[in-house]
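Residue strings, one per chain:
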There are 2 protein chains.
Amino acid sequence: MSRHATTGEVLALIRSGEAVTRADIGRVTGLSRPAVSLRVGELLERGLVVERTDAPSTGGRPPVRLEFNAAGGVVLVAALGASRTRVAVCDLAGNELAGRRFHIDVEQGPDVVLPLLMDTWEELLGDRPRSAVRGVGMGVPATVEFAEGRTESARVMASWTGVVIPPLIRQRFDVPVLVDNDVNVLAVGEHRGAYREETGDLLFVKISTRIGAGIVAAGSILRGALGAAGEIGHIPVRDGGGVLCRCGNIDCVDSVASGTALLRELRAAGKDVKTIDDVTALVRAGDAETMAMVREAGRRIGEVLAGAVNILNPSVVVLGGDVAEAFGPLVSSIREVVYRRSTALATRRLRIEPSRLGAAAGISGCAVMVLDHVLSARAVDDSL
Amino acid sequence: MSRHATTGEVLALIRSGEAVTRADIGRVTGLSRPAVSLRVGELLERGLVVERTDAPSTGGRPPVRLEFNAAGGVVLVAALGASRTRVAVCDLAGNELAGRRFHIDVEQGPDVVLPLLMDTWEELLGDRPRSAVRGVGMGVPATVEFAEGRTESARVMASWTGVVIPPLIRQRFDVPVLVDNDVNVLAVGEHRGAYREETGDLLFVKISTRIGAGIVAAGSILRGALGAAGEIGHIPVRDGGGVLCRCGNIDCVDSVASGTALLRELRAAGKDVKTIDDVTALVRAGDAETMAMVREAGRRIGEVLAGAVNILNPSVVVLGGDVAEAFGPLVSSIREVVYRRSTALATRRLRIEPSRLGAAAGISGCAVMVLDHVLSARAVDDSL
């Protein structure tokens, strides 16, 4: 292994602004002038860097500035939800260039869903050449064995269990394909988009049809041994009353406090609710019974989060997902229980707040995930 | 910031075996011959590297091999327990050169305990010059704000709350001083000493007077925002019966299943037990009531660990501490509950096993912690 600065490492210096001229690069890396030229030449040729010449200020030839070229390619991203999916084409800085949202039942399986995604990407690409595509990033509502992109445990996406997604995408887009579970992607998006300067320790909790969490620890996603970390939905609550969860255990927080559980309990209480929107309407109308049930769900979730806070000691717990976003009372109940039941030190500077990015975190998290990979020094060097 | 290979980076190449001759270093780093000589010269002068000349094999002058010099200095380490403390002097590879164990009541406070530790280090150093001491590593039975070495929350060490330990040590040993909580130190020692090749995701659980955990995630200790991560002792169990914990909450696993709790419950049942050793004797004698209580404690701990396993998805849960080490029935109950109550994916390849290193993990974890710091490229360069 050579420690000489590689082309990929030179790109990193330009992207971060550590070096903005050829002379800078020579000084910082110790590379000879011809070696710098060779590497910069490769980056210019690949469209990852552009040259800018400023107007001369003091006479003489101005130095040529080198800039990372966000327009030097695109990444294709898709944030799949149980029912709602967002698909987009982003530039190399992660900005959305074109996007589409639609309702799609992921249960139709990969044979239906993946071609639909790929068709959509092609439409969104428009006139851009296929060669501009640098990578694909996807979030899916299932546990994912990240290294391979295999959907491991897919309660929402039962028809996807064991599917290795990347090769199926690479049949049409032969680029690196990264797949992670939807909650990890939201956690990455939220952290990079809204909290990166503030903290490296963030717990993102999605409260929607189901309950799950994505963990950012010391700035990186914590995946665990098999990519299953953050699976808080199947931690049991106390005094749950013996509700059977679809996982086979009883009183999992998912079975007593998720959006699905709320709907079930409200229906059992005689309320006419079909979707979370119906529940929102009842909360807005101040229906006492509904409010009580929502608060109770918040306390259940808070109980489980109090344990997660003791284990992880994050700086911030971000509550996202359509249920969390809809209900103030839910968030206050969660907050109350976590502050009461976590240790004094773990809550000393803990903030618990609603998602700042909302659903946009999905697309941006997918883009960050794939860009971190394809623009890494190693990937750039391997692709030369 | 320069990307030229520094003296510290050259040391890293020699330690890892990536480069074993001056010519290797030149090839790997791209440094010029005089630059290599300068850096190697600094390392030789500081005693961090030694030269070895092999017998010539093919005639001609044999190349001089460069080796990391584990004898080039020492680190001072101390693993403080609530009652038992181990103190040692280790070489730069972490091997214990001289050590001592004693019983000391840490509650006597830093004014008594720290001078005693420093006196012991001086005795153990013997004829070695003070200048050989490169750093100090300590584990203490309290939560520690790692960056500063401040004991934050010290239920066992109440007289230490808010004490910033490093400056007190540096009055006599003016070297880098690293302090972490005892369970993190055990987790590091166990991981590096016994599991490094197998996994980067390990949960170390200490079951002793109190219950706590140290988390290794992707190869590094997870500390959280304030160093409080791994505080599993104050997660409540279900149906705990309303036991008031010293933290002010009820039914914390610490208050119903720690060594302290076991002794309290056995005494309430009329058993004559003063220490964990007395409990061990009853278990060995097959006392049915004691066995049942130990199994029940195991189930309580297992319940909390099942949640931690869902959150962290480790490859291995290591059970250490004197209570865990003494009781087979405790370990089997923990195992049974975790396998039943964690998700299928989280337990698919999960191992739950007793500590391989036992109490030795404390000293070796302290040594690893301080050596990782003082031999890092940055610290070596800063010290030149």
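Residues numbered from 1 in each chain as written. Chains lettered and ligands numbered in written order. Predicted model: local features only at pLDDT ≥ 70, side-chain atom pairs only at ≥ 80, totals over all residues. Heavy atoms only, no water.

Side note on the overall build of chain A
Stage number 1. The helix and strand tally for chain A stands at 14 helices and 14 strands.
Stage number 2. A compact globule built from 384 residues would reach a C-alpha radius of gyration of about 21 Å, and chain A, at 24 Å, matches this within 12%.
Stage number 3. Projected onto the principal axes, the alpha-carbon positions of chain A cover approximately 80 × 50 × 40 Å.
Stage number 4. The buried share among the 384 residues of chain A stands at 57%.
Stage number 5. Within the structure as shown, chain A displays about 15600 Å² of accessible surface, and the carbon and sulfur contribution to it stands at 49%. (Helix = DSSP H or I, 4+ residues; strand = E, 2+ residues; numbered from the N terminus. Rg over C-alpha atoms; globule rule 2.2 N^0.38 Å. Buried < 20%, exposed > 50% of the residue type's maximum accessible area, 1.4 Å probe, protein only. Areas by Shrake-Rupley, 256 points an atom, 1.4 Å probe, with all protein chains shown as cover.)

Let's talk about the environment of Ala142 of chain A
Residues and elements named next belong to chain A.
Stage number 1. Following the sequence through the fold, Ala142 ends up in the loop between strand S6 (133-140) and strand S7 (143-145).
Stage number 2. On the accessibility criterion, Ala142 (3% relative accessible area) is buried.
Stage number 3. Sequence separation between Ala142 and Asp182 is 40 residues, and the spatial gap between their C-alpha atoms is 7.2 Å.

Considerations on helix H13 (residues 360-374) of chain A
Stage number 1. Between its first and last C-alpha atoms H13 of chain A spans 22 Å; for 15 residues at 1.5 Å apiece the expected length is 21 Å, and the two agree.
Stage number 2. Buried residues of H13 of chain A: Ala361, Gly362, Ile363, Gly365, Cys366, Ala367, Val368, Met369, Val370, Leu371 and Val374 of chain A, and no others. (Expected span 1.5 Å × (residues − 1).)

A few points about the sheet that holds strand S5 (residues 96-103) of chain A
Residues and elements named next belong to chain A.
Stage number 1. As summarised here, the arrangement of the 5 strands in space is S5-S4-S3-S6-S9, forming an open sheet in which the pairing is mixed. Either end of the sheet is taken by a strand with one partner, and the two such strands are S5 and strand S9 (177-181). Each strand of the sheet is rotated relative to its neighbour by a mean of 15 degrees, with strand direction disregarded.
Stage number 2. Inspection of the sheet shows S6 paired to S9 by 5 bridges, in the parallel sense. When the bridges of S9 are listed, Gly139 appears paired with Asp180.
Stage number 3. Against the sheet, helix H4 (residues 110-125) contacts strand S3 (74-80), strand S4 (84-91), S5 and S6, and its axis sits at roughly 40 degrees relative to S4. (Pairing = 2+ DSSP bridges. Axes fitted to C-alpha atoms, helices over the stretch in contact; angles between N-to-C directions. Contact = heavy atoms within 4.5 Å.)

Regarding the relation of the copies chain B and chain A
Stage number 1. Take chain B, turn it by 180 degrees, move it 0.0 Å along the axis, and it overlays chain A with an RMSD of 0.0 Å. The transformation just described matches what one would write down for a two-fold rotation axis. Rotation axis and chain B: the residue whose C-alpha lies nearest the axis is Arg238 of chain B, separated from it by 2.5 Å.
Stage number 2. Same-surface contact between copies: 100% of interface residues of chain B are shared with the interface of chain A. (Least-squares fit on C-alpha atoms with pLDDT ≥ 70 in both.)

With respect to the side chain of Asp91 of chain A
Residue and element names in this part refer to chain A.
Stage number 1. Following the sequence through the fold, Asp91 ends up in strand S4.
Stage number 2. Here Asp91 sits buried without a salt bridge, and the closest side chain of opposite charge, Arg128, lies 8.9 Å off (N-O distance).
Stage number 3. Engagement of the side chain of Asp91 in a polar contact is seen with the backbone nitrogen of Ala93, the distance being 2.8 Å. (Lys, Arg positive; Asp, Glu negative; His and termini not counted. Salt bridge = Lys/Arg side-chain N within 4 Å of Asp/Glu carboxyl O. Polar contact = N/O pair within 3.5 Å; in protein donor to acceptor, adjacent residues only side chain to side chain.)

As for the domain arrangement of chain A
Residue and element names in this part refer to chain A.
Stage number 1. Each assigned domain of chain A is listed with its residue range as follows: domain 1 (7-68), domain 2 (74-186 + 362-382) and domain 3 (196-356).
Stage number 2. Put simply, the middle of domain 1 and the middle of domain 2, counted by C-alpha atoms, are 32 Å apart.
Stage number 3. Counting residues at the interface gives 10 residues for domain 1, matched by 6 residues for domain 2.
Stage number 4. Here domain 1 packs against domain 2, burying approximately 720 Å² in sum over the two surfaces, 60% of which is carbon and sulfur.
Stage number 5. One can count 0 salt bridges joining domain 1 with domain 2.
Stage number 6. A per-element tally of the side of domain 1 that touches domain 2 places helix H1 (residues 7-16) first, with 5 residues.
Stage number 7. By residue class, the composition of the side of domain 1 that touches domain 2 is 4 nonpolar, 3 polar and 3 charged. (Domains from an automatic or database assignment. Buried area = accessible area lost by both parts, 1.4 Å probe. Nonpolar A, V, L, I, M, F, W, Y, C, P; charged D, E, K, R; others polar.)

Structural notes on the UniProt feature "domain: HTH marR-type" (unreviewed entry) in chain A
Stage number 1. If you check UniProt for "domain: HTH marR-type" (unreviewed entry), the listed places come out as residues 11-54 of chain A in our numbering.
Stage number 2. What you have in residues 11-54 of chain A is 61% helix and 11% strand, and the ends, taken at the C-alpha atoms, are 21 Å apart. (UniProt positions renumbered as here; feature names shortened; annotations may be inferred.)

A look at the environment of Asp111 of chain B
All names here are of chain B.
Stage number 1. Tracing the backbone through its elements, the reader meets Asp111 in helix H4 (residues 110-125).
Stage number 2. For Asp111, a relative accessible area of 69% translates into the label exposed.
Stage number 3. Between the alpha carbons of Asp111 and Trp160 there is a distance of 9.5 Å; along the sequence they are 49 residues apart.

Structural notes on the pairing of S6 of chain A
Residues and elements named next belong to chain A.
Stage number 1. Burial within S6 is extensive, with 8 of its 8 residues counted as buried.
Stage number 2. By the bridge criterion, 6 bridges tie S3 to S6 in an arrangement that is parallel. Counterpart to Ala79 in the pairing with S6 is Gly139.

Topic: the nonpolar core
In globular proteins that are soluble, nonpolar side chains generally tend to be buried together.
Stage number 1. Formed by 90 residues in total, the largest nonpolar core has its most connected members in Ile207, Leu305 and Leu319 of chain A together with Ile207, Leu305 and Leu319 of chain B.
Stage number 2. Those residues in contact with Ile207 of chain A, other than ones at most four positions away along the chain, are Ile301, Leu319, Gly320, Gly321, Asp322, Val323, Ala324, Leu330 and Ile334 of chain A. (Core = buried A, V, L, I, M, F, W, Y, C linked by side-chain atoms within 4.5 Å.)

Side note on the sheet that holds strand S5 (residues 96-103) of chain B
Residue and element names in this part refer to chain B.
Stage number 1. Reading across the sheet, the 5 strands line up as S5-S4-S3-S6-S9 and stay open at both edges, with mixed pairing between neighbours. The two strands at the open ends of the sheet, each matched to only one other strand, are S5 and strand S9 (177-181). Geometrically, the sheet is characterised by an average inter-axis angle of 15 degrees between neighbouring strands, direction not taken into account.
Stage number 2. Inspection of the sheet shows strand S4 (residues 84-91) paired to S5 by 7 bridges, in the antiparallel sense. Paired with Cys90 across the two strands is Glu96, which belongs to S5.
Stage number 3. On top of the sheet, helix H6 (residues 182-195) reaches strand S3 (74-80), strand S6 (133-140) and S9; it is set at about 100 degrees to S9, its chief contact.

Regarding the packing of aromatic side chains
Residue and element names in this part refer to chain A.
Stage number 1. Evaluation of the coordinates by the stated rule reveals 2 aromatic pairs over all chains.
Stage number 2. Seen in terms of ring centroids, Trp121 and Phe173 are 6.1 Å apart; in terms of plane orientation they differ by 85 degrees. Their pairing is edge-to-face. Of the two residues, Trp121 is situated in helix H4 and Phe173 in the loop between helix H5 (165-170) and S9; the sequence distance between them amounts to 52 residues. Exposure class is identical for Trp121 and Phe173. Each is buried.
Stage number 3. Lying over the aromatic face of Phe146, Arg223 brings its terminal NZ or CZ to 3.5 Å of the ring centre. (Phe/Tyr/Trp six-rings, centres within 6.5 Å; stacked < 30°, edge-to-face > 60°. Lys NZ or Arg CZ within 6 Å of the ring centre and 35° of its normal.)

A closer look at helix H1 (residues 7-16) of chain B
All names here are of chain B.
Stage number 1. Taken together, the buried positions of H1 are occupied by Thr7, Gly8, Val10, Leu11, Leu13 and Ile14.
Stage number 2. Residues of H1 that are buried in the fold lie against helix H2 (22-29), helix H3 (33-45), strand S1 (49-53), strand S2 (64-68) and helix H14 (377-382).
Stage number 3. Phi turns positive one or two residues past the end of H1, at Gly17, with a value near 85 degrees.

Here we look at the interface of chain B and chain A
Stage number 1. Of the residues lining the interface, 50 residues belong to chain B; the matching set on chain A comes to 51 residues.
Stage number 2. Across the chain B/chain A interface, buried area totals approximately 4300 Å², and carbon plus sulfur atoms make up 56% of it.
Stage number 3. Our count for the chain B to chain A interface comes out at 2 salt bridges.
Stage number 4. Put simply, Asp251 of chain B and Arg238 of chain A hold a salt bridge, and the shortest N to O gap is 3.7 Å.
Stage number 5. At the junction of chain B with chain A, the criterion picks out 14 residue pairs in polar contact (both at pLDDT 80 or more).
Stage number 6. Within the residue set of the side of chain B that touches chain A, elements represented by two or more residues are H2, strand S11 (211-217), helix H10 (288-312) and helix H12 (328-341) of chain B.
Stage number 7. Per element, the largest residue contribution to the side of chain B that touches chain A is 5 residues, and it comes from H10 of chain B.

Considerations on unusual backbone geometry
Residues and elements named next belong to chain B.
Stage number 1. Phi is positive for Ala218, which is not a glycine, with a value near 50 degrees.
Stage number 2. Note that Ala218 resides in the loop between S11 and strand S12 (220-221).
Stage number 3. Even without a glycine there, the phi angle at Asn313 is positive, about 45 degrees.
Stage number 4. With respect to the helices and strands, the residue Asn313 is situated in the loop between H10 and strand S13 (316-320).

Section: the environment of Pro141 of chain A
Residue and element names in this part refer to chain A.
Stage number 1. For Pro141, the location among the structural elements is in the loop between S6 and S7.
Stage number 2. For Pro141, a relative accessible area of 4% corresponds to the buried category.
Stage number 3. As for Pro141 and Asp182, which are separated by 41 residues in sequence, their C-alpha atoms are 5.1 Å apart.

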